[in-house]
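Here are the chains, one letter per residue:
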Amino acid sequence: MIQRFVFLFSLLLPVMAYGADAVPNQSLLNGMQARAASVVSIRSNFIEEKHLKMFDSVLVSKGVFAFRRPDSLRWEYTSPFRSGFLLSGGNGVEWDDTSDAVREVSVHSSPLVAMIARQIMAWTTFDISWLEERYLICQVSAHPLVLELHPRSELAKEFLANLVITFAEDGVVLHSLELHETDGDFTRISFDQPQLNTSLPDTTFTAVQ
């Protein structure tokens, strides 16, 4: 499961733009970060679509994402197969139906898990300093707000074409992510029914359920 997620978020590292023609002003980015700072928790359903040239049909998965400050995460696929991982305080577990196994994971012992957790935290809290250090951020449209992120790392540019982020009307909640690879394949994650600052039980981040 972690490997699947690593692939997904590794695609967030390198981005080349298509059609992006304006760098958003700093006040816009600061405003987004300020609004994101008011978010204590998020729970959202998601649909992941993989458009791969080797398949005629689109591969669709569904799942649930949850986050609670400061460092609790849950990313779970519920259909067509169950798999996922959760972290709380840097420690957690991953699981999948294929092996019917639950394995312990930790940001303290695994640089891979630490990288994943840091990526999610940066995107969830819209950590401008962290993002701008790694990307050139371009604005595609204002309504809806659509951003493209261009990698600053040459290594990262080798395996992804672009990343497109579309926000909901509030300019904080993600509506969708599109991750385009250099070979033309792409993945779209659409978030549905996001719930902000709702009370999430501890078991969301501690129990496979």
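Our subject is the structure listed above.
Bear in mind the structure is a predicted one, so any value in this text is a computation, not a measurement.

Details of empty space enclosed by the protein
Link 1 in the chain: Within the structure shown, the criterion is met by 1 cavity of 30 Å³ or more.
Link 2 in the chain: Of the pockets and cavities examined, the largest cavity occupies roughly 330 Å³.
Link 3 in the chain: In terms of lining, the largest cavity is formed by 22 residues, of which the most central are Ile42, Phe65, Trp123, Thr124 and Leu174.
Link 4 in the chain: Going through the elements one at a time, helix 2 (26–37), strand 1 (41–51), helix 3 (111–124), strand 10 (174–180) and strand 11 (186–196) are the ones with two or more residues in the lining of the largest cavity.
Link 5 in the chain: Across the lining of the largest cavity, the residue classes break down as 19 nonpolar, 3 polar and no charged.

Thoughts on the side chain of Thr187
Link 1 in the chain: Inspection of the secondary structure puts Thr187 in strand 11.
Link 2 in the chain: Side-chain polar atoms of Thr187 contact the side chain of Lys50, separated by 3.3 Å.

Looking at the nonpolar core
Link 1 in the chain: Counting residues in each nonpolar core, the largest one holds 39 residues, and the members touching the most others are Trp75, Phe126, Leu131, Leu147, Ile165 and Phe167.
Link 2 in the chain: Beyond its immediate chain neighbours, meaning those up to four positions away, Phe167 contacts Met32, Phe126, Pro144, Leu145, Leu147, Val172, Val173, Leu174 and His175.

Focus on unusual backbone geometry
Link 1 in the chain: Residue Pro70 is bonded to the preceding Arg69 through a cis peptide linkage, with omega at 5°.
Link 2 in the chain: Along the chain, Pro70 falls in the loop between strand 2 (59–68) and strand 3 (72–79).
Link 3 in the chain: For the bond running from Ser79 to Pro80, omega is 0°, close enough to zero to count as cis.
Link 4 in the chain: When you line up the elements, Pro80 lands in the loop between strand 3 and strand 4 (83–88).
Link 5 in the chain: Of note in the backbone geometry, Gln193 takes a positive phi value of approximately 55° without being a glycine.
Link 6 in the chain: Turning to its location among the elements, Gln193 is positioned in strand 11.
Link 7 in the chain: With relative accessibility at 54%, the residue Gln193 sits in the exposed group.

Re the pairing of strand 11
Link 1 in the chain: Inspection of the sheet shows strand 1 paired to strand 11 by 9 bridges, in the antiparallel sense. Paired with Arg43 across the bridge in strand 11 is Gln195.
Link 2 in the chain: Relative to strand 11, strand 10 runs antiparallel, the two sharing 5 bridges. In the strand pairing of strand 11, His180 is matched with Phe186.
Link 3 in the chain: Taking the residues between adjacent antiparallel strands as the criterion, strand 10 and strand 11 are bridged by 5 residues, where Gly184 takes a positive phi near 100°.

What counts as what
Residues numbered from 1 in each chain as written. Predicted model: local features only at pLDDT ≥ 70, side-chain atom pairs only at ≥ 80, totals over all residues. Heavy atoms only, no water. 1 Å grid on protein atoms, 1.4 Å probe; cavity = no way out; pocket = protein on both sides within 12 Å on 5 of 7 lines; lining within 4 Å. Points joined across faces, edges and corners; volume = space filled by probe spheres on them. Helix = DSSP H or I, 4+ residues; strand = E, 2+ residues; numbered from the N terminus. Nonpolar A, V, L, I, M, F, W, Y, C, P; charged D, E, K, R; others polar. Polar contact = N/O pair within 3.5 Å; in protein donor to acceptor, adjacent residues only side chain to side chain. Core = buried A, V, L, I, M, F, W, Y, C linked by side-chain atoms within 4.5 Å. Buried < 20%, exposed > 50% of the residue type's maximum accessible area, 1.4 Å probe, protein only. Contact = heavy atoms within 4.5 Å. Pairing = 2+ DSSP bridges.

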